[in-house]
Amino acid sequence: MAEKRRCQEDHRPCANNCSFFGSPATQNLCSKCYRDYRLKEEQAASAKLAVEISFSPPPTSPATVSSSTAPYSPSDEPSEAAAEPAPRPTRCKSCRKRVGLTGFRCRCGSTYCGQHRYPERHACAFDYKAAGREAIALANPVVKADKLRRI
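Residues numbered from 1 in each chain as written. Predicted model: local features only at pLDDT ≥ 70, side-chain atom pairs only at ≥ 80, totals over all residues. Heavy atoms only, no water.

**Q** Is there a simple way to explain the overall build of the protein in this structure?
**A** A tally of helices and strands in the protein yields five helices and four strands. Reading the helices (α) and strands (β) of the protein from amino to carboxyl end gives α-β-β-α-α-α-β-β-α. Put simply, the protein has 151 residues, and 11% of those count as buried. If you take every contact in the protein between residues at least 6 apart in sequence, the share linking residues at least 24 apart comes to 3%. Carbon and sulfur atoms provide 58% of the accessible area of the protein, an area that totals close to 13,800 Å². (Helix = DSSP H or I, 4+ residues; strand = E, 2+ residues; numbered from the N terminus. Buried < 20%, exposed > 50% of the residue type's maximum accessible area, 1.4 Å probe, protein only. Contact = heavy atoms within 4.5 Å. Areas by Shrake-Rupley, 256 points an atom, 1.4 Å probe, with all protein chains shown as cover.)

**Q** Would you take a moment to explain helix α5 (residues 128-139) for this structure?
**A** Three- or four-residue spacings in an α-helix give side chains the same orientation, since the helix completes a turn every 3.6 residues. The terminal C-alpha atoms of α5 lie 16 Å apart, and with twelve residues this matches the ideal 16 Å at 1.5 Å per residue to within 8%. For α5, a buried count of zero out of twelve residues is recorded, marking the element as mostly open to its surroundings. (Expected span 1.5 Å × (residues − 1).)

**Q** Help me understand the packing of aromatic side chains, please; the structure alone is not making it clear to me.
**A** The way to describe two aromatic rings as a pair is by their centre distance and the angle between their planes. One pass over the structure, following the stated rule, counts two aromatic pairs. Measuring from centroid to centroid gives 4.9 Å for Phe126 and Tyr128, while their planes differ by 75°, and the two rings are edge-to-face. According to the relative accessible area criterion, Tyr128 is partly exposed, its value standing at 33%. (Phe/Tyr/Trp six-rings, centres within 6.5 Å; stacked < 30°, edge-to-face > 60°.)

**Q** I keep staring at the environment of Pro13 and nothing clicks. Help me out?
**A** Tracing the chain through its elements places Pro13 in strand β1 (residues 12-13). Here Pro13 falls in the exposed class, since its relative accessible area comes to 58%. Distance from Pro13 to Leu29, taken between C-alpha atoms, is 7.8 Å for residues 16 residues apart in sequence. Once residues lying within four places of it in the same chain are set aside, the contact partners of Pro13 are Phe20, Phe21, Gly22 and Asn28.

**Q** Would you mind going over the environment of Pro119 with me for this structure?
**A** Mapped onto the secondary structure, Pro119 falls in the loop between β4 (111-112) and α5. What makes Pro119 partly exposed here is its relative accessible area of 26%. Pro119 sits 13 residues away from Cys106 along the chain, and the two C-alpha atoms are 7.8 Å apart. When near neighbours in sequence (up to four residues on either side) are disregarded, Pro119 contacts Cys124 and Tyr128.

**Q** What am I meant to see in the nonpolar core here?
**A** It is characteristic of soluble globular proteins that their nonpolar side chains tend to be buried jointly. Cys92, Val99, Cys106, Tyr112, Cys113 and Cys124 together form the largest nonpolar core, which totals six residues. Those residues in contact with Tyr112 that sit more than four places away from it in its chain are Cys92, Lys93, Ser94, Val99, Gly103, Phe104, Cys106, Arg117 and His122. (Core = buried A, V, L, I, M, F, W, Y, C linked by side-chain atoms within 4.5 Å.)

**Q** I would appreciate a short explanation of the pattern of salt bridges in the present structure.
**A** Pairs can form between side chains of opposite charge whenever their charged atoms are close. One pass over the full model with this rule turns up one salt bridge. A salt bridge links Asp36 to Lys32; its shortest N-O distance comes to 3.4 Å. Linking Asp36 with Lys32, this pair stays in helix α2 (residues 31-55), spanning four residues, or about one helical turn. The class of Asp36 is partly exposed, set by a relative accessible area of 32%. (Salt bridge = Lys/Arg side-chain N within 4 Å of Asp/Glu carboxyl O.)

The structure is reproduced here in structure tokens:
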């Protein structure tokens with residue numbers, strides 16, 4: 001009888017009235033409502049942190065202070081060309097066919113279509129053997145044992 005009473009005390013309807021049962025461990029919410037509640041709390045905390053970071057002044061260093069006192073010159077501004085990445089070629093280097101996003105980038109640095117993607121098909125100048133030898137040499141360092149002293 002005490003066990004039956006304990007089960008009735010632990011299981012109460014969800015505080016959001018979603019027709020499921022909640023428990024005191026989850027603030028009388030069912031598992032789904034509790035998960036949503038925690039997600040909202042985490043989002044609110046991250047939003048609060050983002051607001052605090054955006055309103056805080058940026059840290060100043062001696063280098064930035066000295067550059068801000070100097071007169072303005074156009075060379076101080078970062079160039080737009082350096083900020084933007086180089087556009088990816090949209091044509092195959094062998095047949096000049098448009099490849100768009102489906103182009104294959106070879107180790108020689110060029111972009112090729114599906115027919116010319118293999119090194120044999122486009123007369124690739126990249127030395128695959130030397131690259132393989134280097135990779136093996138880096139992966140397997142030479143190990144020499146110490147010489148034994150004679151008695």
